[in-house]
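Structural overview
As a plain string of letters, each chain reads:
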Amino acid sequence: MTEMFQIYKCNICGNVVEVLHTGQGQLVCCGQPMELKEEKREDAGQEKHVPVIEPRNGKIKVRVGEVPHPMEEAHYIEWIELHTGEHLERVHLKPGDPPEATFLCPFGTPLYARAYCNIHGLWRQDTFPKK
């Protein structure tokens, strides 16, 4: 069974989909089941992927990594999302952009942020840093 906001990727063509309605079926692309992308929450290597959530002047800034993530043609953050329960906002990025996004957050208190790296997959942060 799929769940709201799950991310799946086709390992053949590279399609990425986010679940908008739950269902019983299996997601398939290119004749094969799509891979559920697990939300990673801790960086283990030199690359830094975990989103950093920073409240600023009534807005929310989300940076990817304590050390900025590379934004090169072959390795970059494709998008950053901010979730407030049933609502989400997403900013799409491209190589050369800074690995960050600023959100107005009009739908309430943010619950978590996610970022998607084209090589290392899906990353999530649930908590605000202490002020």
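For the structure itself, consult the block above.
A few points on the structure.

Definitions and limits used
- Residues numbered from 1 in each chain as written.
- Predicted model: local features only at pLDDT ≥ 70, side-chain atom pairs only at ≥ 80, totals over all residues.
- Heavy atoms only, no water.
- Helix = DSSP H or I, 4+ residues; strand = E, 2+ residues; numbered from the N terminus.
- Rg over C-alpha atoms; globule rule 2.2 N^0.38 Å.
- Buried < 20%, exposed > 50% of the residue type's maximum accessible area, 1.4 Å probe, protein only.
- Phe/Tyr/Trp six-rings, centres within 6.5 Å; stacked < 30°, edge-to-face > 60°.
- Lys NZ or Arg CZ within 6 Å of the ring centre and 35° of its normal.

1. Structural notes on the overall build of the protein
Summing up its helical and strand segments, the protein has zero helices and twelve strands in all. Reading the helices (α) and strands (β) of the protein from amino to carboxyl end gives β-β-β-β-β-β-β-β-β-β-β-β. Taken against the 2.2 N^0.38 rule, which gives 14 Å for 131 residues, the C-alpha radius of gyration of the protein at 15 Å falls within 12% of a compact globule. Each of the three principal axes of the protein carries a C-alpha extent, and together these read 50 × 35 × 25 Å. Counting the 131 residues in the protein, one finds 38% classified as buried.

2. Considering unusual backbone geometry
Of note in the backbone geometry, phenylalanine 5 takes a positive phi value of approximately 70 degrees without being a glycine. In this structure, phenylalanine 5 sits in the segment before β1 (7–9). In this model, cysteine 30 sits at a positive phi of 55 degrees, which is unusual for a non-glycine residue. By the secondary structure assignment, cysteine 30 is in the loop between β3 (28–29) and β4 (32–33).

3. Let's talk about the packing of aromatic side chains
Summed over the entire model, instances satisfying the criterion amount to one aromatic pair. Taking 5.6 Å as the distance between ring centres and 10 degrees as the angle between the ring planes, the aromatic pair formed by tryptophan 79 and tyrosine 116 counts as stacked. Taken together, the residues tryptophan 79 in strand β8 (residues 77–83) and tyrosine 116 in strand β11 (residues 112–117) connect sequence positions 37 residues apart. A residue is classified by how much of its surface remains accessible, and tryptophan 79, at 6% relative accessible area, is buried. Residue tyrosine 116 is classed as buried on the basis of its relative accessible area of 1%. Against the face of tryptophan 79 rests arginine 90, its NZ or CZ located 5.4 Å from the ring centre. The ring of tyrosine 112 is capped by arginine 124, whose NZ or CZ atom sits 3.5 Å from the centre of that ring.

Geometric descriptors of this kind do not, in isolation, establish any biological role.
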